[in-house]
Amino acid sequence: MSAALRSVKGTRDLLPPETAVWQAVEETARRVFGLYGYGEIRTPILESRDLFARGVGETTDIVAKEMYQFRDRKGRELCLRPESTAAVARAFAEHGLANQGLPARLFYFGPHFRYERPQKGRYRQFHQIGAELIGEGGPLGDAELVAMLVRFLEALGFADLEVLVNSVGDGPSREAFREALVAHLEPRSDALSPDSRRRLEENPLRILDSKEPRDRQALADAPSMLDHLSEASARRFAEVRDALERLGVGHAVTPRLVRGLDYYTDTVFEIVSAGLGAQDAIVGGGRYDRLLAELGGPDLPAIGFAIGQDRLIDVLPESFRRGLGGAPPALVVAIEPVPALAALELAEELRRAGVAALAETGSRSLGKALRWADRRGLRAAVLLGEAELAAGRAALKDLSSGEQAALPRADLAARLGELQ
Ligand code: HAM
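No experiment lies behind these values; they were computed from the predicted model shown.

**Focus: the overall build of the protein chain**
Okay, step 1: Scanning the protein chain from N- to C-terminus turns up 16 helices and 16 strands.
Okay, step 2: By the compact-globule yardstick of 22 Å for 420 residues, the protein chain is too spread out, its C-alpha radius of gyration being 28 Å.
Okay, step 3: With respect to the principal axes defined by its C-alpha atoms, the protein chain has extents near 90 × 60 × 45 Å.
Okay, step 4: In the protein chain, which comprises 420 residues, the share counted as buried stands at 49%.
Okay, step 5: Summed over all atoms, the accessible surface of the protein chain reaches about 20500 Å², with 49% contributed by carbon and sulfur.
Okay, step 6: Each charge class in the protein chain can be summarised by its mean position, and for the 55 positive and 61 negative side chains these summaries are 5 Å apart.

Below, the structure written as structure tokens:
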């Protein structure tokens, strides 16, 4: 016997009825983002490796360690997208979207790939719901985008969410902070993890992102980014926070928040959920005013976020799931000697009237069919006996109350519609 095939490590199949939850979350995103004027963009899963090496940063974990990369048959260096901000920036430049009026407001859903150690809420194929606001550089753009994110999460039933915000400043701010951080860490470099020792040379700000206890200890009394902001960045950050307050978006300033991607400038933010074991973020985002120009596109400021959809659904409030309900179909059963084909015909008639219906097409007894329908959570059964069929009627059985009544065939759809 040949070995059974299994899904690839870190990937999973999403199955019904759970997929209905995924769809409802996506529909909510479409609705809320639509209120803010966002349109959907769909970029390829396959991109050139170079896009992320240049966009996200060659020395970031995402690019250095986690990218699924390979050469295609013609030797092109490709990868499965690990994120979409660089891809959206590429598409924006490639299609000259700046000519269609600014700012551009784009959102996306879809699978992304990172070679990470799989664990609860962490997959190698995971899904993001993201949005990017391109061509708006002022602090009110930041506040509006974060407000949209929070409104979306509220629409899913999350309450009391706190957005963690920080500013990583403009170029001069980061240069000043980088120097101060290196001056603090160099004398302590022996205490750092090997990764962070390497980062001290290559990309010291990355060390702030480390979860290693020895790095955390070396960072305990490290200088704060916020003390090194240029006047312009500090003013900007204060304006973002004021605007968030005016829009009623609760937030906490978190000076250690740096994010794992190199493209950020000024505002960065995350939302963490206590419901996730490792305190991993469900959402991450920030401003990236240099990225478009660095990728050879127009020199436009931008800001965006991406939500980890897998994690989001793991911690989704019960109220949202309860509200879904769906429309469990009715089961139409023909009673001997009425042929099963008559049940199939009636089910088709109901579907044409917009009512979800299943037909019992097998050879199960009536009792077995009803027990099955009950277990599956179906609301009703339609029983088609010989006498009813002849009279143009059918018996409608409410599976929760057990009540049964004979109805004209023409009234069935309306009655079932009320039950669903
Ligand atoms: P990120 O923080 O790398 O940001 O990812 C955003 C979210 O994706 C994370 O907060 C997390 O919820 C989810 N995520 C990341 N890796 C995994 C994984 N292995 N398994 C499950 N979920 C995961 C970005 O990707 C940026 N592009 C966000 C952004 C948009 N910044 C500006 N615009």
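**Observations concerning the environment of Thr267**
Okay, step 1: By the element assignment, Thr267 lies in strand β9 (residues 267-272).
Okay, step 2: In this structure the C-alpha to C-alpha distance between Thr267 and Ser210, which are 57 residues apart in sequence, comes to 20 Å.
Okay, step 3: With sequence-adjacent residues up to four places away left out, Thr267 is seen in contact with Asp142, Asn166, Ser167, Arg236, Val240, Gly286 and Arg287.
Okay, step 4: Here the side chain of Thr267 touches Asp142 through a polar contact of 2.6 Å, side chain to side chain.

**Here's the deal with unusual backbone geometry**
Okay, step 1: Between Leu102 and the following residue, Pro103, the backbone shows a cis peptide bond with an omega angle of -5 degrees.
Okay, step 2: If you trace the backbone, Pro103 turns up in the loop between α4 (85-94) and β5 (104-113).
Okay, step 3: Following Glu336, the chain continues to Pro337 via a peptide bond in cis, the omega torsion being 5 degrees.
Okay, step 4: Structurally, the position occupied by Pro337 is in the loop between β12 (330-334) and α13 (340-352).
Okay, step 5: Even without glycine at this site, Arg259 takes up a positive phi of about 75 degrees.
Okay, step 6: For Arg259, the location among the structural elements is in the loop between β8 (251-253) and β9.
Okay, step 7: By relative accessible area, which is 11% here, Arg259 ends up buried.
Okay, step 8: Located in the positive-phi region is Asp266, a residue other than glycine, with phi close to 55 degrees.
Okay, step 9: Tracing the sequence through the fold places Asp266 in the loop between β8 and β9.

**A word on helix α5 (residues 139-155)**
Okay, step 1: A rise of 1.5 Å per residue sets the reference length of α5, with its 17 residues, at 24 Å; its end C-alpha atoms lie 24 Å apart and thus fit the reference within 8%.
Okay, step 2: Within α5, 12 of the 17 residues are buried, leaving the element largely enclosed by the surrounding structure.
Okay, step 3: Every buried residue of α5 is accounted for by Pro139, Gly141, Asp142, Ala143, Leu145, Val146, Ala147, Met148, Leu149, Val150, Phe152 and Leu153.

**Re the sheet that holds strand β2 (residues 46-48)**
Okay, step 1: Strands sit in the order β2-β4-β3 across an open sheet of three strands; the sheet is antiparallel. Since the sheet does not close on itself, it has two edges, and those belong to β2 and β3 (69-71), each with one partner. Direction aside, neighbouring strands of the sheet carry axes that sit 40 degrees apart on average.
Okay, step 2: Looking at chain direction, β3 and strand β4 (residues 77-80) are connected through three bridges and run antiparallel. What sits directly across from Gln69, in β4, is Cys79.

**A word on the pairing of strand β14 (residues 380-384)**
Strand residues, when the strand is regular, have side chains that alternate between the two faces of the sheet.
Okay, step 1: Counting buried residues in β14 gives five out of five residues, a clear majority hidden from the surface.
Okay, step 2: Judged by which residues are buried, β14 turns out to be covered on both faces: Ala380, Val382 and Leu384 on one side and Ala381 and Leu383 on the other are all buried.
Okay, step 3: Where β12 lies against β14, four bridges are found, and the strand directions are parallel. Bridge pairing links Leu331 to Ala381 in β14.
Okay, step 4: Relative to strand β15 (residues 393-398), β14 runs antiparallel, the two sharing four bridges.

Reading the values: the criteria
- Residues numbered from 1 in each chain as written.
- Predicted model: local features only at pLDDT ≥ 70, side-chain atom pairs only at ≥ 80, totals over all residues.
- Heavy atoms only, no water.
- Helix = DSSP H or I, 4+ residues; strand = E, 2+ residues; numbered from the N terminus.
- Rg over C-alpha atoms; globule rule 2.2 N^0.38 Å.
- Buried < 20%, exposed > 50% of the residue type's maximum accessible area, 1.4 Å probe, protein only.
- Areas by Shrake-Rupley, 256 points an atom, 1.4 Å probe, with all protein chains shown as cover.
- Lys, Arg positive; Asp, Glu negative; His and termini not counted.
- Charge placed at Lys NZ, Arg CZ, Asp CG, Glu CD.
- Contact = heavy atoms within 4.5 Å.
- Polar contact = N/O pair within 3.5 Å; in protein donor to acceptor, adjacent residues only side chain to side chain.
- Expected span 1.5 Å × (residues − 1).
- Pairing = 2+ DSSP bridges.
- Axes fitted to C-alpha atoms, helices over the stretch in contact; angles between N-to-C directions.

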